[in-house]
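# Working through the structure, step by step
Chain by chain, the residues run as shown.
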Amino acid sequence: MEDREILAHVDHTQLKAFAVWEDVERLCEEAVLYGTASVCIPPAYVGRVHERYPDLNICTVVGFPLGYSVTAAKLAEVREALAEGANEIDMVVNISDVKNHLYEKVEEEIRALKEACGSHILKVIVETCYLTEEEKIAMCHAVTAAGADFIKTSTGFGSGGATLADVRLFKEHIGAGVKIKAAGGVRTREDLVAFLEEGCERIGTSSAVALLAGKETSGY
């Protein structure tokens, strides 16, 4: 698999709490140069990035990273992000609701956010490291029924990240229209290739550009 092909599936990510403008600007310059699928950045930077890079595909996060914001707050985040120039939204489900097995409530929230997104892409982060197999399968069904575009493994801020086993489980239980994004701990070229070959459409990582350019890196 060629490097350019790999990078075309990467959401080039900078979500550290202490990210400064120079970090975000560097991310965007790399995304333009290497042709990544998007940049995934904090909501506070969306407007500035859209103004500086109007043709860049901007992804941002909602309810991040813990997911337990109320739905109204998540909807407000979505609407503001889209108004400021984001094209893709990565939302975190209410993990407490998942653990309480309130699956219909989770589905309703996803559906509401997808309605707010309209034609824009909605990716649903289920934070697999905290879930049982039963809960992961329930989230596959909820994401599918709610009409979201992607199911995403992880925030990168939990106790674990993406695994090939979880990707395989998703493939068994998501609907035909749902794609998979792996995130968290994808830091080597071998990881990138393995997740893409397993069927992921997107990979969220801060490491892809640097590692494919032969630099040492660690991060999301």
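Residues numbered from 1 in each chain as written. Predicted model: local features only at pLDDT ≥ 70, side-chain atom pairs only at ≥ 80, totals over all residues. Heavy atoms only, no water.

It is worth spelling out the pattern of salt bridges at this point. Under the counting rule described, the total for this entry stands at 20 salt bridges. Where lysine 114 meets aspartate 149, a salt bridge forms, and the shortest distance between an N and an O atom there is 2.8 Å. With lysine 114 in helix α6 (residues 103–117) and aspartate 149 in the loop between α7 (133–146) and β6 (150–152), this pair connects stretches of sequence that are 35 residues apart. The buried category is assigned to lysine 114, whose relative accessible area is 14%. The class for aspartate 149 is partly exposed, based on a relative accessible area of 22%. Across the pair aspartate 166 and lysine 136 runs a salt bridge whose closest N-O atoms are separated by 2.8 Å. (Salt bridge = Lys/Arg side-chain N within 4 Å of Asp/Glu carboxyl O. Helix = DSSP H or I, 4+ residues; strand = E, 2+ residues; numbered from the N terminus. Buried < 20%, exposed > 50% of the residue type's maximum accessible area, 1.4 Å probe, protein only.)

Another aspect to go through is unusual backbone geometry. Omega for the peptide link from phenylalanine 64 to proline 65 comes to 0 degrees, which places this bond in the cis form. The topology assignment puts proline 65 in the loop between β3 (58–62) and α4 (71–84). Even without a glycine there, the phi angle at histidine 101 is positive, about 60 degrees. If you trace the backbone, histidine 101 turns up in the loop between α5 (95–99) and α6. Backbone geometry at glutamate 127 places phi at a positive 55 degrees, although glycine is not the residue there. Structurally, the position occupied by glutamate 127 is in the loop between β5 (121–125) and α7.

Attention now moves to the pairing of strand β1 (residues 10–13). Neither face of β1 is left uncovered, since the one carrying Val10 and His12 and the one carrying Asp11 and Thr13 both have all their residues buried. Across 3 bridges, the pairing between β1 and strand β8 (residues 202–205) is parallel. By the bridge assignment, histidine 12 is partnered in β8 with threonine 205. As judged from the 3 bridges shared by β1 and strand β2 (residues 38–41), these two strands associate in the parallel manner. Each bridged residue has a counterpart across the sheet, and for histidine 12 the counterpart in β2 is valine 39. Considered for its hand, the β-α-β crossover made up of β1, helix α2 (residues 21–34) and β2 is right-handed. (Pairing = 2+ DSSP bridges. Right-handed = clockwise from strand over helix to strand, strands pointing away.)

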